[in-house]
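# Residue-level structural notes
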Amino acid sequence: MGQRAIRRRERPYVGGEWVSGGDAVPVTDLADGGTFASVAGADEDDAEAALAAAEAAKAPLRETTIPERVAWLEAIAEGLRARKSELAEVIVREAGKPISSARGEVEQAAERFERAVGEIRHLKGEYREGTTGGHEGWKALVKHEPVGAVLCITPYNYPLATTALQVAPALAAGNAVVLKPASKTPVSAAILADVIAKTDVPDGAFNFVPGKASVVGDKLAGDDRVNAIAMTGSSGAGKHVAKQSGITRLHMELGGNAPEVVFEDADLDEAAAAAAKGSLKYAGQRCSAVSRVLAHESVHDDLVERIDSGMDDWTVGDLFDEDTDLGPLVSEEQADWVEELVEDAIERGATVVRGGERYEENGVHFFEPTLLADVPQDARIVHEEQFGPVCAVTTFSDDADAIELANASDLALDACVFTSDYDRALDAAERIDAGAVRINGAPSHGLGDIPFGGNDASGIGREGLDSTIHEFVRKKSIVL
């Protein structure tokens, strides 16, 4: 395919109106090269207007009923499905996902709005009676109320699905939303804004402020009118937002460096398949990607051979081809980072089994599917988030060594354990410091039915439709 001219022009949506915005932010076409969209970035005036609109919407939103909000969520889900083909193409181009994965993301986003309906209907208050001395006969109603305004900061890797996981619970709980999408992938969020604009969601209840974080990020995160911040992104960016936010409720899913621990009694075919898929899916640009494989020293060579074989099934090609499994990295900077980590591992003694090189086509940056064996435990790739299609295999000697190595990084989001011993599996799962540990399968967050999130530098709180709704409400006790 040849390069295309700019096909889309988007702008901010604030207080129920589309506004002109400021400097244009180009969006790279990761399918064909060049620039396929231009988004007018929000400036400080737009950020101020969005905050003011959200503030004005708080009181009327607090008076809305659950059935009213349910109607909004169902209309948004219907609107997303009606534009599924358009959204899938946009996600392919702005995020570099194969078309089959892009379609799946649109459906996932729509389903998250639908599932938020069921979760908000289950949000019930309480009736309590005093049981302590001096409070005999007290009766209280405990009700949930929205926190007010939620700032949603979303990542580039799942530009629609992750946005839905933040926006749907926020609206379901009766909050105003200010959405700041990743600068690399703002177009799918602009379509979501257009979908919401065509529903009965009140003006000011949803505001879309695309643009560079350096221009509007600190303004939004540091404003007292924001009552909660939902963020998915890197640990470094999360720490910066936390410093700006002051006394604000934080709901953050941040960086990951998920270990796959493979004990000597594991089913090596299953472990190898999970390692290949876990490290290569979406070119490894996932917080739950298998970033490092910790193999018992007795099975290292056998496991590496099976992972290598499994990587043969991954096809790099035209992102609009149904058979393509693997696409590019999101930017040149990301390719630089992956290359830096791989070179560090090689310099420290790792063996390149396959891949290890980057290349460029039409200005789009790729990194070969890469398998590294005998990776030293002090290699940076064992401890830092990589976000690339690299499977790094290192070894451990016994169970205690495995747990120590798994916990060696301050990124504690996901992990997985492969073993045929039930007691060993549970023991390892309990001792590994991570927000979620999967047994005999690669980490996966799904639609948000099961709470997920990280410890240490990997986040604050737990995401999931029900979990996030509870983050976006507060309890009020009315004592009779």
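Residues numbered from 1 in each chain as written. Predicted model: local features only at pLDDT ≥ 70, side-chain atom pairs only at ≥ 80, totals over all residues. Heavy atoms only, no water.

Under the convention used in this document: UniProt positions are given in the numbering used here, feature names are shortened, and annotations may be inferred rather than shown by experiment.
The name given to the protein in an unreviewed UniProt entry is Aldehyde dehydrogenase family protein, and the organism recorded there is Halobacterium litoreum. Heading Sequence similarities (unreviewed entry) of the UniProt record for the protein holds this comment: "Belongs to the aldehyde dehydrogenase family."

### A word on the UniProt feature "active site" (unreviewed entry) in the protein
Heads up, the condition is: Only protein chains enter the calculation, and the probe is 1.4 Å; a residue is then buried if its accessible area is under 20% of its type maximum, exposed if over 50%, and partly exposed in between. Note on contacts: a residue pair is in contact if any heavy atoms of the two residues lie within 4.5 Å.
Sequence positions flagged by UniProt for "active site" (unreviewed entry) are, in local numbering, E253. Under the relative-accessibility criterion, E253 is labelled buried at 4%. Apart from residues lying up to four places away in sequence, E253 is in contact with M231, T232, G233, C287, L413, H445, F452, G453, S458 and E463.

### Remarks on the UniProt feature "domain: Aldehyde dehydrogenase" (unreviewed entry) in the protein
Our working rule: Numbering of helices and strands runs from the N terminus; a helix is a DSSP stretch of H or I covering at least four residues, while a strand is a stretch of E covering at least two.
UniProt's feature table lists "domain: Aldehyde dehydrogenase" (unreviewed entry) at residues 18-478, given in the numbering used throughout. A distance of 41 Å separates the end C-alpha atoms of residues 18-478, which is 39% helix and 22% strand.

### With respect to the environment of A237
Secondary-structure assignment places A237 in helix α8 (residues 235-245). For A237 and L254, which are 17 residues apart along the polypeptide, the C-alpha to C-alpha distance reads 8.4 Å.

### Considerations on the packing of aromatic side chains
Two aromatic rings, taken as a pair, are described by how far apart their centres are and by the angle between their planes. Put simply, the test is: Pairs were defined over the aromatic rings of Phe, Tyr and Trp, the Trp ring being its six-membered one, requiring ring centres within 6.5 Å. Orientation was assigned from the angle between planes: stacked under 30 degrees, edge-to-face over 60, tilted for the rest. By the criterion adopted, a ring carries a charge over it if an Arg CZ or a Lys NZ lies within 6 Å of its centre and within 35 degrees of its normal.
In the structure shown here, the tally under the stated rule is five aromatic pairs. When the ring of Y13 is compared with that of W18, the centres are 4.8 Å apart and the planes differ by 50°; the resulting orientation is tilted. Measuring from centroid to centroid gives 5.6 Å for F263 and F396, while their planes differ by 75°, and the two rings are edge-to-face. Of this pair, F263 sits in the loop between β13 (258-262) and α9 (268-280) while F396 is found in strand β19 (residues 390-396), placing the two residues 133 residues apart along the sequence. Each member of the pair F263 and F396 is classed as buried. When the ring centre of Y158 is taken as reference, the NZ or CZ atom of K97 above it lies at 3.4 Å. Positioned over the ring face of Y282 is K97, at 4.9 Å from the centre of the ring.

### Some remarks on the sheet that holds strand β1 (residues 8-10)
This is how it is decided: Two strands are counted as paired when DSSP detects at least two bridges linking them. What counts as an axis is a line fitted to C-alpha atoms, over the stretch in contact for a helix, and the angles between N-to-C directions run from 0 to 180 degrees.
Pairing is mixed in the open sheet, where three strands are placed in the order β1-β5-β4. The sheet is open, and its two borders are formed by β1 and β4 (24-28), each paired with just one other strand. Each adjacent strand pair in this sheet contributes to an overall mean axis angle of 20°, direction not counted.

### Re the nonpolar core
Basically, it comes down to this: Buried residues of nine kinds, namely Ala, Val, Leu, Ile, Met, Phe, Trp, Tyr and Cys, make up a nonpolar core once their side-chain atoms join them within 4.5 Å.
In terms of nonpolar packing, the biggest core is built from 91 residues, with I76, L80, F113, F206 and I229 touching the most fellow members. In terms of residue count, the dominant contributor to this core is helix α4 (residues 99-121) (nine residues). Once you skip the residues sitting within four places of it in the chain, I76 turns out to touch F113, L171, L192, V195, I196, T199 and V201.

### Quick notes on the pattern of salt bridges
To be explicit about the condition: Whenever a carboxyl oxygen of Asp or Glu lies within 4 Å of a side-chain nitrogen of Lys or Arg, that contact is scored as a salt bridge.
What the rule picks out here adds up to 38 salt bridges. Between E86 and R8 there is a salt bridge; the shortest N-O distance is 2.9 Å. Linking E86 in helix α3 (residues 84-95) with R8 in strand β1, this pair joins segments that are 78 residues apart in sequence. Relative accessible area serves as the criterion here: at 25%, E86 is assigned to the partly exposed category. By relative accessible area, R8 is classed as buried at 18%. In this structure, the salt-bridge partner of E48 is R225, at a minimum N-O distance of 2.8 Å. Placement of E48 in helix α1 (residues 44-62) and of R225 in the loop between α7 (213-221) and β11 (228-232) is noted, with a sequence separation of 177 residues between them. Shared partners join several salt bridges into a network, and the residues in it are R8, E10, R83, E86, D194 and K198.

### Looking at unusual backbone geometry
Phi at N362 is positive, roughly 55°, even though this residue is not glycine. With respect to the element layout, N362 can be found in the loop between β16 (358-361) and β17 (364-367). The residue N440 is not glycine, and still its phi comes out positive at about 55°. If you trace the backbone, N440 turns up in the loop between β22 (436-439) and β23 (455-456). A relative accessible area of 35% places N440 in the partly exposed class.

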